[in-house]
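# A structural walkthrough
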Amino acid sequence: MEINRRIGIIDIGSNSIRLVVYEINSLHAYRVIGEFKQSARLSQKIGADNTLPGDEIDRIVRMLRHFREICDANGVSEIRAAATAAIRNAANSRQIMTALREQSGIDVRLLSGEDEARIGFLGMIHSLDVEDGWLVDIGGGSTEISLFLGRRLVSSVSFPFGAVNTTRNYAPDGHFSEDTLAKIRLMVRQAAIGEPWIREHPGLPLIGLGGTIRNLGKINQKKLKYSLPQTHNYPMSAQEMEELMHWLPSLPAEKRKKVDGLSKDRHDIIVPGLTILHTLFQLTGSSHYIVSGAGLRDGLFHEAYLADRPAAGSMAELSARNMLGLHPCAPAAHLELVAANAAKLFDALQEIHGYDSRIRGCLHTAALLYRIGVSVNYYQFAKHSFYIIAHSRLDGLSHRELLLCAAAASYKTKNRVHPIYLQYKGILLETDVELIVRLGTLLQLAAALDCSETQELAMIEARVNENTELQLLVHSKKDPSAEYREISSLAKDFKKVWGLKLTLQDEASSFSTI
């Protein structure tokens, strides 16, 4: 039996040190199978002489040795480690790097500010379907801001302040007065003066990386009672962040610890991080915020192991196919045919439904993944398919699109759709009930055309005749009786949903039905 390849990615950050264990299988599909974190606060440990003390270096070495033990226990064959701002900016940076490499046995790479911005961008751009924008990565000891246009990195800069060292320099007691916040804002504005391009592209979204914006997204979700527990690709309006900017600094440190959604080890540094983020939002003239759950560690993994992989298809399709590679659930030929059939049906009905290419993409993704629940249990697999799709990170899809895919993939009857809408009505639109029903019936019909999973029927054409019927022209091989029965059983519901009679013409046998 082939053993899957496992890779450890270690990020020695200024606030925390993290290990992520990735697994790549024989189908080249990958996933995260473990994540481990230890608080470091390295930016707070830098001495008055700008050096990191020897006992702190020893502490990092111990953490790395522990991470190596975790990697050994998980069968990791390769480790890639990178250090960022706190070590980069320390006066004894060379001494630190030598000690880490020699005493931990791990080859640690020291990233420049430019490297950090580029690799963070690499992680983000392969997980979000956004053309132009600002990327802001607030770490513990540095902040990287980048401009990307046409999905290409145009400009970037690394500033030597982050959530941890800003807290140390301006509010070590955890108290944030108006004067303190004004000083932090001034620091950010003065740093930006030397980078005039930061003000030259207003109106773009600001995509945030790192623990600051992830925690702010979680706080906002808790306040809204958001029904989907995902922060990746979570949008926040300027007003929502403005409210947090007024509220969080006003709380005493002890009360901030109890804020729902805020990590306890971040209560003292969240306000400086938020202030930096908010100031950059104003300087860039951004339109809104988007939380990215993918960043530096994802970029390190992509740079090392995915850079040469051909990228055929949309981001959502690539992500769906990666999921199928992790959870084989049906013959590949069957799923490809179902997806192709669904696309033909969607296109044939274009003048009736008027849906755009994004909705077409949702149907395509749902068609590829409608059987994914079989990986849990065949019986009631539709229920499992909904959960897996809705709670997976399918890159390139908004949260609404993710739920549309999950609901269409698991569609059974119309009366089961309304409860889904009620559960997720903060994300789904009221009109999405009809949309899900329509996409679901198309997917049911697409699957019925190959219900035996043997590609017995090839759909040559689907066309609407005089707005009264949907005619399917097919070609059969041997015995399509199972497909005929399944299609016939859907005809009544199809007529209710689409207002069209469903007819089928088999050119191989001159058979006409329904």
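Below is a short write-up of the structure. (Residues numbered from 1 in each chain as written. Predicted model: local features only at pLDDT ≥ 70, side-chain atom pairs only at ≥ 80, totals over all residues. Heavy atoms only, no water.)

### Some details on the layout of surface pockets
In this structure, the second largest pocket occupies an estimated 440 Å³ of space. As for the second largest pocket, its lining consists of 22 residues, of which Tyr370, Phe381, Lys412, Ala447 and Glu486 are closest to the centre. When residues of the lining of the second largest pocket are traced back to their parent elements, those giving at least two are helix H17 (381-390), helix H18 (399-409), helix H20 (432-448) and helix H21 (481-498). If you tally residues by element for the lining of the second largest pocket, the top one is H20, at 5 residues. Of the residues assigned to the lining of the second largest pocket, the class counts are 12 nonpolar, 5 polar and 5 charged. (1 Å grid on protein atoms, 1.4 Å probe; cavity = no way out; pocket = protein on both sides within 12 Å on 5 of 7 lines; lining within 4 Å. Points joined across faces, edges and corners; volume = space filled by probe spheres on them. Helix = DSSP H or I, 4+ residues; strand = E, 2+ residues; numbered from the N terminus. Nonpolar A, V, L, I, M, F, W, Y, C, P; charged D, E, K, R; others polar.)

### Section: the sheet that holds strand S2 (residues 16-24)
A sheet is described by the order of its strands in space; here 5 strands give the open sequence S3-S2-S1-S4-S5, paired in mixed fashion. Edge positions in the open sheet fall to strand S3 (30-39) and strand S5 (108-110), since each of these has one partner strand only. Across this sheet, the average inter-strand angle for adjacent strands is 20°, counted without regard to direction. Together, strand S1 (5-12), strand S4 (78-83) and S5 form the strand contacts of helix H4 (residues 93-104), whose direction differs from that of S5 by roughly 160°. (Pairing = 2+ DSSP bridges. Axes fitted to C-alpha atoms, helices over the stretch in contact; angles between N-to-C directions. Contact = heavy atoms within 4.5 Å.)

### With respect to helix H11 (residues 270-284)
With 15 residues, H11 extends 21 Å between its outermost C-alpha atoms, agreeing within 8% with the 21 Å of an ideal straight helix rising 1.5 Å per residue. At the C-terminal side of H11, Gly285 shows a positive phi close to 65°. (Expected span 1.5 Å × (residues − 1).)

### Overview of unusual backbone geometry
Its identity is not glycine, yet Asn50 carries a phi of approximately 65°, on the positive side. Mapped onto the fold, Asn50 is located in the loop between helix H1 (42-45) and helix H2 (54-73).

### Focus: the environment of Leu209
Relative to the helices and strands, Leu209 is located in strand S9 (residues 206-209). Its relative accessible area of 4% is what places Leu209 among the buried residues. When the C-alpha atoms of Leu209 and Gly295 are compared, they prove to be 6.0 Å apart, with 86 residues separating the residues in sequence. Beyond its immediate stretch of four places on either side in the chain, Leu209 contacts Gly120, Met124, Leu135, Val136, Asp137, Ile138, Ser292, Ala294 and Gly295. (Buried < 20%, exposed > 50% of the residue type's maximum accessible area, 1.4 Å probe, protein only.)

### Looking at the side chain of Asn92
Along the chain, the position of Asn92 falls in the loop between helix H3 (85-89) and H4. Excluding its chain neighbours within four sequence positions, the residues that come into contact with Asn92 are Asn50, Thr51, Leu52 and Ile57.

### Concerning the nonpolar core
One finds Leu345, Leu369, Ile389, Leu445, Leu470, Leu472 and Phe494 to be the most contacted residues of the largest nonpolar core, which totals 73 residues. Per-element tally for this core: the top contributor is H20, with 11 residues. Setting aside chain neighbours within four positions, we find Phe494 in contact with Leu349, Leu442, Leu445, Leu470, Gly499, Leu500 and Leu502. (Core = buried A, V, L, I, M, F, W, Y, C linked by side-chain atoms within 4.5 Å.)

### A word on the sheet that holds strand S6 (residues 133-138)
A sheet is described by the order of its strands in space; here 6 strands give the open sequence S8-S7-S6-S9-S11-S10, paired in mixed fashion. On the outer flanks of this sheet lie strand S8 (152-159) and strand S10 (234-236), each paired with one strand and no other. Averaged over all adjacent pairs, the angle separating strand axes in this sheet is 25°, with direction ignored. Examined bridge by bridge, S6 and S9 share 4 bridges and lie parallel to one another. Opposite Leu135, over in S9, you have Ile207 as the bridge partner. Contacting S6, strand S7 (143-149), S8 and S9, helix H5 (residues 113-125) runs over the sheet at an angle of about 55° to S7.

### Brief notes about the pairing of S4
Across 6 bridges, S1 lies against S4 in parallel orientation. Across the sheet, the residue bridging to Ile10 is Ala81, located in S4. Bridge count between S4 and S5: 3 bridges; the pairing is parallel. Of the residues in S5, the one forming a bridge with Ala82 is Arg109.

This is a description of form; function is not addressed.
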